[in-house]
Amino acid sequence: MSGYLVGPELPQGRGELSAGVVGALGGGAALPGEGVVSGADPYGDDLQLALYACYELHYRGFRGVDDGWEWDPGLLGLRGAMERRFLRALRSDATKHDRVDAALEGLLVEPVDGSGVSSFLKDEGQLWQLREYAAQRSLYQLKEADPHAWVIPRLVGRAKAALVAVEFDEFGGGRAERVHAELFAGLMEDLGLDPAYGRYLDAGSAEALATVNLMSLLGLHRALRGALVGQFAALEVSSSPGSRRMAQALERAGAGPAAVLFYTEHVEADAVHEQVVRRDVIGGLLEDEPALEADVAFGIDATGFLEDRLAERLLGAWREGASSLRVGL
């Protein structure tokens, strides 16, 4: 997995905002003014790439970019403007519930029509579509569970202990070769993809970027800790059945054992995680801070909203025989 531990190259800009951020990070341009943000689509390529680039400075950074940019006041101000635009749009478009049980209800019932991405891939997906899916998801999976680690110091007691227990599994249970990001790198190699961290940033769609940006946004703001717990819960609750379908899809397509292993690893583990997250992470948090229930519900709703947008992007392209990626593999 050559290059896996190295930060990615700076991406290509996708508009005035992202080109300005990338240009500034590369050392050859001034940061764009915050006024540019007001005209940007909150879910579009330009804002989502610019926001992703800002957040990546808190993870592995970019090759050749000074580490000092992580806390640059001007960039943080611009990032704040982008965050406010993205968050306002999500609160307006995604909010459906103010109670956690109601927000989780739909996730606990498997859809009878089998209309989701994993069902499509299981039943009729081709290898090229599985490769595209892996490339899109690599924007998160190669940093799997890292965004959720931001919330650990913001929890106490039962909620903290339970979340750390789940994270321990995500990070391999003390075994480096079992770290889930490492397992995903193995999946990518099995599918003939480059497992280098951030390799497919230019190829990833705005919809894929937004799902990762939501995690970083919620994780980096203490005031949004309840929403991050909801986002974490949404991933864990929906993971096990979807992972089973993905393992079946990969087996049917003739993928190698490392590709299948990534998803079979999640089937049993995430079935257990679902119970822990619902009972102890959410339950413990709301026992300590009951006023955060609406925030937890928002995190669940926002995750579903953005995942649905990504599904529409993928399935809309694939059913037309077209690529879902911005840049071909």
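You'll find the structure just up there.
Residues numbered from 1 in each chain as written. Predicted model: local features only at pLDDT ≥ 70, side-chain atom pairs only at ≥ 80, totals over all residues. Heavy atoms only, no water.

J.: Describe the packing of aromatic side chains, listing the residues and the values that go with them.
T.: Under the criterion given, the structure shown has 6 aromatic pairs. Ring geometry for Y59 and W150: centres 6.2 Å apart, planes at 65°, overall edge-to-face. With Y59 in the loop between α2 (45-56) and α3 (73-93) and W150 in the loop between α7 (146-149) and α8 (157-170), this residue pair connects regions lying 91 residues apart in the sequence. For W150, a relative accessible area of 27% gives the class partly exposed. Taking the centre distance of 5.9 Å and the plane angle of 20° together, the rings of F120 and W318 count as stacked. In this pair, F120 is assigned in helix α5 (residues 117-124) and W318 in helix α13 (residues 293-318), connecting sequence segments 198 residues apart. A network of ring pairs unites the aromatic residues Y43, F86 and F305 as a single cluster. Directly above the ring of Y197 sits R60, whose terminal nitrogen or CZ lies 4.0 Å from the centroid. Here the basic side chain of R91 rests over the ring of F298, its NZ or CZ set 4.4 Å away from the ring centre. (Phe/Tyr/Trp six-rings, centres within 6.5 Å; stacked < 30°, edge-to-face > 60°. Helix = DSSP H or I, 4+ residues; strand = E, 2+ residues; numbered from the N terminus. Buried < 20%, exposed > 50% of the residue type's maximum accessible area, 1.4 Å probe, protein only. Lys NZ or Arg CZ within 6 Å of the ring centre and 35° of its normal.)

J.: Lay out the environment of T264 in plain terms, naming residues and giving numbers.
T.: Within the element layout of this structure, T264 appears in helix α12 (residues 257-288). Linking T264 and S243, residues 21 residues apart in sequence, is a C-alpha distance of 6.7 Å. From its side chain, T264 meets the backbone oxygen of L261 in a polar contact 3.1 Å long. (Polar contact = N/O pair within 3.5 Å; in protein donor to acceptor, adjacent residues only side chain to side chain.)

J.: Break down the packing of helix α1 (residues 16-25) against α3 for me, with residues and values.
T.: Working note: a packed helix pair is described by the angle between its axes plus the distance between those axes. Between α1 and α3, whose axes approach to 12 Å, the crossing angle comes to 160°. As the angle between them shows, α1 and α3 are arranged roughly antiparallel. You can see that α1 and α3 cross each other, and the crossing is left-handed. Across the interface between the two elements, L17, V21 and L25 from α1 touch L75, L78 and M82 from α3. Grouping the amino acids of the contact of α1 with α3 by side-chain chemistry returns 6 nonpolar, no polar and no charged. (Axes fitted to C-alpha atoms, helices over the stretch in contact; angles between N-to-C directions. Parallel < 35°, antiparallel > 145°, perpendicular 65-115°, else oblique. Left-handed = near helix turned anticlockwise from the far one by under 90°. Contact = heavy atoms within 4.5 Å. Nonpolar A, V, L, I, M, F, W, Y, C, P; charged D, E, K, R; others polar.)

J.: Outline the side chain of H266, supporting the account with residue identities and numerical values.
T.: Tracing the backbone shows H266 in helix α12. We classify H266 as buried; its relative accessible area is 4%. A polar side-chain atom of H266 sits 2.6 Å from the main-chain carbonyl oxygen of F262. Not counting the four nearest positions on each side in its chain, H266 is found in contact with E144, E170, H180, S239, S240, S243 and A271.

So, to be careful, I would describe these as geometric facts and stop short of saying anything about function.
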